[in-house]
Amino acid sequence: MSVLIQEEDFDLASELTTLRSGNSKVGAMVSFVGLVRDFSHNETIESIYLEYYPGMTEKALNKIISEATERWSLINVRVIHRIGQLFANDQIVLVATTALHRGEAFAGCEFIIDYLKTAAPFWKKEQTREGSQWLETRETDVKRMEHWHNDTVRKSA
Amino acid sequence: MKIELVYFGRPREHLKLSRETADVPAEASTLAGLLAWLRLRGDTWAQELADSRVRCAINQEFAGLPAAINENDEIAIFSPISGG
């Protein structure tokens, strides 16, 4: 289980190779990669800027991972979140999980990215030709996170 | 009462301040009281730190407006988060 916050890009293939290495029980590996879009509210985005709260952000991410591993038998988890200035098509975030079976790997991965969106302290500013704007928590992200509190979902996978 | 204040996101940029040590009066011993006290610093502060526009953390844990503040706490004030 590990969390990394960095300005540098990451290489998906090598992250996955490391994540699964040394454990022949891994039967499923799921990864989610978030990317920078070049549009928002019909405006062209030139770049985005991301900042975080050193200390609290790592703590929040580790807590989200702990909750995921309490719900599902995950063998390993890797979360990488980039900060600083990013451009369209850049990778922003990686969430990767390994498990014995795909159900747990899928559910754990989805849970972690849904929680990250609403419970990990990151701040994102979009730069467009018209100016810049700090984004705020989206209602759709809150809804996705809340759906994990539902009892049937809680017991699934 | 001395506390550490850290700012992130929109308020950090608009207040041009990332961190400060503040000596706060007794009435600022909850997050709501602290925000009200900081808003007295001027128009930009009043606008940026409106209760509805900021979220807070005490010693790196999210906390609501009624939460109590103690000596040497690290209080973070920030705009709603948006990661991922």
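These figures come from a predicted structure and were not determined experimentally. (Residues numbered from 1 in each chain as written. Chains lettered and ligands numbered in written order. Predicted model: local features only at pLDDT ≥ 70, side-chain atom pairs only at ≥ 80, totals over all residues.)

Asks: So what's going on with the overall build of chain B? Residues and values would help.
Replies: What chain B contains, in helices and strands, is three helices and five strands. Traced from its N-terminal end to its C-terminal end, chain B shows the element sequence β-α-β-α-α-β-β-β. Taken against the 2.2 N^0.38 rule, which gives 12 Å for 84 residues, the C-alpha radius of gyration of chain B at 12 Å falls within 12% of a compact globule. Overall, the C-alpha framework of chain B stretches about 35 × 30 × 20 Å when taken along its three principal axes. (Helix = DSSP H or I, 4+ residues; strand = E, 2+ residues; numbered from the N terminus. Rg over C-alpha atoms; globule rule 2.2 N^0.38 Å.)

Asks: Account for the interface of chain A and chain B, with residues named and values stated.
Replies: Taken together, the contacts link 21 residues of chain A with 13 residues of chain B. Listing elements by their share of the side of chain A that touches chain B, those giving two or more residues are α2 (56-71), β7 (91-99), α3 (102-119) and β8 (122-128) of chain A. Residue classes in the side of chain A that touches chain B are distributed as twelve nonpolar, four polar and five charged. (Contact = placed C-beta atoms within 7 Å. Nonpolar A, V, L, I, M, F, W, Y, C, P; charged D, E, K, R; others polar.)

Asks: Report on the environment of Ala68 of chain A, specifying residues and quantitative values.
Replies: Residues and elements named next belong to chain A. Of note, Ala68 is situated in helix α2. Take Ala68: there are 23 C-beta atoms within 10 Å of it, and that puts it in the buried class. Residues within four places of Ala68 in sequence aside, it is in contact with Leu74, Val77, Gly108, Phe111 and Ile112. (Buried ≥ 20, exposed ≤ 12 C-beta atoms within 10 Å, placed from the backbone.)

Asks: Give me the sheet that holds strand β5 (residues 74-82) of chain A: which residues, what numbers.
Replies: Paired through their backbone hydrogen bonds, the strands of a sheet run either parallel or antiparallel. Residue and element names in this part refer to chain A. With mixed pairing, the four strands of this open sheet are ordered in space as β1-β5-β7-β2. Only two strands of the sheet have a single neighbouring strand rather than two, namely β1 (2-6) and β2 (28-35). Averaged over all pairs of adjacent strands, the angle between their axes in this sheet comes to 10 degrees, without regard to strand direction. Taken together, the eight bridges between β2 and β7 define a ladder with antiparallel strand orientation. Bridge assignment links Gly34 to a residue of β7, and that residue is Val93. Here helix α1 (residues 12-20) sits on the sheet and contacts β2, β5 and β7; the angle it forms with β7, its principal contact strand, is near 25 degrees. Along the sheet, α3 contacts β2, β5 and β7; its crossing angle with β7, the most-contacted strand, is approximately 150 degrees. (Pairing = 2+ DSSP bridges. Axes fitted to C-alpha atoms, helices over the stretch in contact; angles between N-to-C directions.)

Asks: Please provide a residue-by-residue account of α2 of chain A, values included.
Replies: Spanning 16 residues, α2 of chain A covers 23 Å between terminal C-alpha atoms, matching the ideal 22 Å at 1.5 Å per step. Those residues of α2 of chain A lying buried are Met56, Thr57, Ala60, Leu61, Ile64, Ile65 and Ala68 of chain A. (Expected span 1.5 Å × (residues − 1).)

Asks: Let's hear about the sheet that holds strand β5 (residues 74-78) of chain B: which residues, and what values?
Replies: Residue and element names in this part refer to chain B. Read from one edge to the other, the open sheet built from five strands follows the order β2-β1-β5-β3-β4, with strand pairing classed as mixed. The sheet is open, and its two edges are formed by β2 (19-23) and β4 (61-63), each paired on a single side. Shown here is a sheet whose adjacent strand axes are inclined to one another by a mean of 30 degrees, direction ignored. Inspection of the sheet shows strand β1 (residues 2-8) paired to β2 by five bridges, in the antiparallel sense. Bridge pairing in β2 places Val6 opposite Arg19.

Asks: Explain the nonpolar core to me, and be specific about the residues and the numbers.
Replies: Buried together is how nonpolar side chains tend to be arranged in soluble globular proteins. Core analysis: the largest hydrophobic core is formed by 57 residues, its most contacted members being Ile64, Ala68, Val79, Val95 and Ile112 of chain A together with Ala76 and Ile77 of chain B. At eight residues, α3 of chain A tops the list of elements feeding residues into this core. Ignoring anything within four residues of it in the chain, the contact list for Ile112 of chain A reads Ile64, Ile65, Ala68, Val77, Val79 and Val95 of chain A. (Core = buried A, V, L, I, M, F, W, Y, C linked by C-beta atoms within 7 Å.)

Asks: Summarise the pairing of β5 of chain A; cite the residues concerned and give the values.
Replies: Residue and element names in this part refer to chain A. Along β5, nine of the nine residues are buried, which leaves the element largely enclosed by surrounding structure. Direction of pairing for β1 relative to β5: parallel, over a ladder of five bridges. Within β5, the position partnered with Leu4 by the bridge is Ile80. Relative to β7, β5 runs antiparallel, the two sharing seven bridges. Considered in β7, the bridge of Arg78 is made with Ala96.

Asks: Can you lay out the environment of Ile5 of chain A for me, pointing to particular residues and giving the numbers?
Replies: Residues and elements named next belong to chain A. As for its placement among the helices and strands, Ile5 is situated in strand β1. Overall, the presence of 18 C-beta atoms within 10 Å leaves Ile5 in the partly exposed class. Sequence-wise, Ile5 and Gly131 are 126 residues apart; in three dimensions their C-alpha atoms are separated by 27 Å.

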